[in-house]
Amino acid sequence: MAEGSDERFDGVLLKSGSIDSILDAFFGFLQRKTDFFTGAQDEQAAEQMVLKYYKKHWKVGQKKRQEQQERNRAADEERKRKADEKKLKDEAEYRKRMEEAEKMKNVAQKKRKSQTKKLARSRLAKKRITKRQIMKIKRIKSLLHLAMGAPQTNTPGHRRLARWRSLFMCQYVPPGVKAKEIVCDIGGDTLKLGVKGAPLILNGKMHSKVAWRH
């Protein structure tokens, strides 16, 4: 019979309770049902027999104990290895995120500096508008004024205005405004232009209806 393979009596022995109870029940069985005690002529021989099997199973138990200790040690080392790997991974991920944040910060700073320079150049360019450009802007404003409310007359200027086919207009808007935020509504005799959420730049009726021709 292989070592430790006989499990026929496990259920009965487990019902006995503690180790003391199991040993007492076992030797009680030997005393009641066998001649282990009554037939023995030499007490030392009986003790030696008990010790023989005690030592046999003691060695098996110690071997299992060492194996369990080795498994526990290996499991502890594996947990420590995984913990170290996770720590290194977390540290690398943290450094990566900090580097990315620093890069984004530098990009944002460069972008702000670039926008500041563009704004400064734009303001400088506005200050350098020539006299001819000023006259052109005044003329466009005057024509818009006539288009929005001036009655139609037979003056040469107004006759030319009546023959307009298209009108181009440039208007600065705050930075970041998208195309879908622009309000541009050309009705039959009305014109609205502006940015959503802000007062309209143009909002009124034209002096006559627009005749759409292709």
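Residues numbered from 1 in each chain as written. Predicted model: local features only at pLDDT ≥ 70, side-chain atom pairs only at ≥ 80, totals over all residues. Heavy atoms only, no water.

1. Concerning a positive patch on the surface
The criterion, for reference: Patch construction takes residues with relative accessible area above 30% that form no salt bridge. Like charges are linked within 9 Å, and nonpolar side chains (Val, Leu, Ile, Met, Phe, Trp, Tyr) are linked within 5 Å. Note that accessible areas follow from Shrake-Rupley with a 1.4 Å probe, and for residues the cover is restricted to the protein chains shown. Here, a salt bridge means any side-chain nitrogen of Lys or Arg that lies within 4 Å of a carboxyl oxygen of Asp or Glu. Charged-residue counts in this description rest on Lys and Arg as positive and Asp and Glu as negative, His and the chain ends being excluded. A charged residue contributes its charge at one atom only: NZ of Lys, CZ of Arg, CG of Asp or CD of Glu. Strands here mean DSSP runs of E at least two residues long; helices mean DSSP runs of H or I at least four residues long; both are numbered from the N terminus.
A cluster of basic residues, Lys110, Lys113, Lys117, Lys118 and Arg121, forms a positive patch on the protein surface. Inspection of the secondary structure puts Arg121 in helix H3 (residues 43-127).

2. Remarks on the packing of aromatic side chains
We apply this condition: Stacked, tilted and edge-to-face are the three classes applied to pairs of Phe, Tyr and Trp rings, where Trp contributes its six-membered ring and a pair requires centres within 6.5 Å; stacked means planes under 30 degrees apart, edge-to-face means over 60, and tilted covers the rest. Relative accessibility under 20% of the residue-type maximum defines a buried residue, over 50% an exposed one, and the middle range a partly exposed one, all with a 1.4 Å probe and only protein chains included.
For the coordinates displayed, the defined rule picks out three aromatic pairs. For the pair Phe26 and Phe27, a centre-to-centre distance of 5.3 Å together with 70° between the ring planes defines the contact as edge-to-face. For Phe27, a relative accessible area of 27% corresponds to the partly exposed category. When the ring of Phe36 is compared with that of Phe37, the centres are 5.0 Å apart and the planes differ by 90°; the resulting orientation is edge-to-face.

3. With respect to the confidence of the model for the protein chain
Where we set the bar: Think of pLDDT as the predictor's per-residue confidence, scored from 0 to 100. In this analysis, two residues are considered to be in contact whenever any of their non-hydrogen atoms come within 4.5 Å of each other.
Across the protein chain, the average pLDDT comes to 77, with 72% of residues at 70 or higher. By mean pLDDT, helix H5 (residues 156-162) is the weakest element of the protein chain at 46, and H3 is the strongest at 87. Across residues 154-162 the pLDDT falls below 50, and counting only partners more than four positions away or on other chains, this stretch makes seven contacts in the model.

4. What to know about the sheet that holds strand E3 (residues 202-205)
Worth spelling out the cut-off: Strands pair, by our definition, only if DSSP identifies at least two bridges between them. In this analysis, axes come from line fits to C-alpha atoms, helices being fitted only over the stretch in contact, and the angle between any two N-to-C directions falls in the range 0 to 180 degrees.
The strand order across the open sheet built from three strands is E1-E2-E3, with neighbouring strands paired in antiparallel fashion. In this open sheet, the two edge strands, each paired with only one partner strand, are strand E1 (182-186) and E3. With direction set aside, neighbouring strand axes in the sheet form an average angle of 5°. Where E1 lies against strand E2 (residues 190-195), five bridges are found, and the strand directions are antiparallel. Its bridge partner being in E2, Asp185 is matched across the sheet by Lys192.

5. Structural notes on helix H2 (residues 19-33)
Applicable threshold: Multiplying 1.5 Å by the residue count of a helix minus one yields the expected span of that helix.
Over its 15 residues, H2 runs 21 Å from end to end, which matches the ideal 21 Å to within 8%, given 1.5 Å per residue. Where the residues of H2 are buried, they touch helix H1 (10-15).

6. Observations regarding the pairing of E2
Between the end of E1 and the start of E2, which pair antiparallel, lie three residues. Judged from the four bridges that link them, E2 and E3 form a sheet pairing that is antiparallel. Residue pairing in the sheet places Leu193 in a bridge with Leu202 of E3. A loop of six residues connects E2 with E3, the two strands running antiparallel in sequence, and Gly197 in this loop sits at a positive phi of about 85°.

7. Describing the pattern of salt bridges
Throughout the structure, instances matching the rule amount to nine salt bridges. Among the ionic pairs, Asp84 bridges to Lys80, the shortest N-O distance being 3.2 Å. Here the residue Asp84 and the residue Lys80 both occupy positions in helix H3, the gap between them amounting to four residues, near one helical turn. With relative accessibility at 53%, the residue Lys80 sits in the exposed group. Residue Glu85 is joined to Arg81 by a salt bridge in which the shortest nitrogen-to-oxygen separation is 2.4 Å. Here the residue Glu85 and the residue Arg81 both occupy positions in helix H3, the gap between them amounting to four residues, near one helical turn. One continuous salt-bridge network, built from bridges that share partners, spans Glu70, Arg73 and Glu77.

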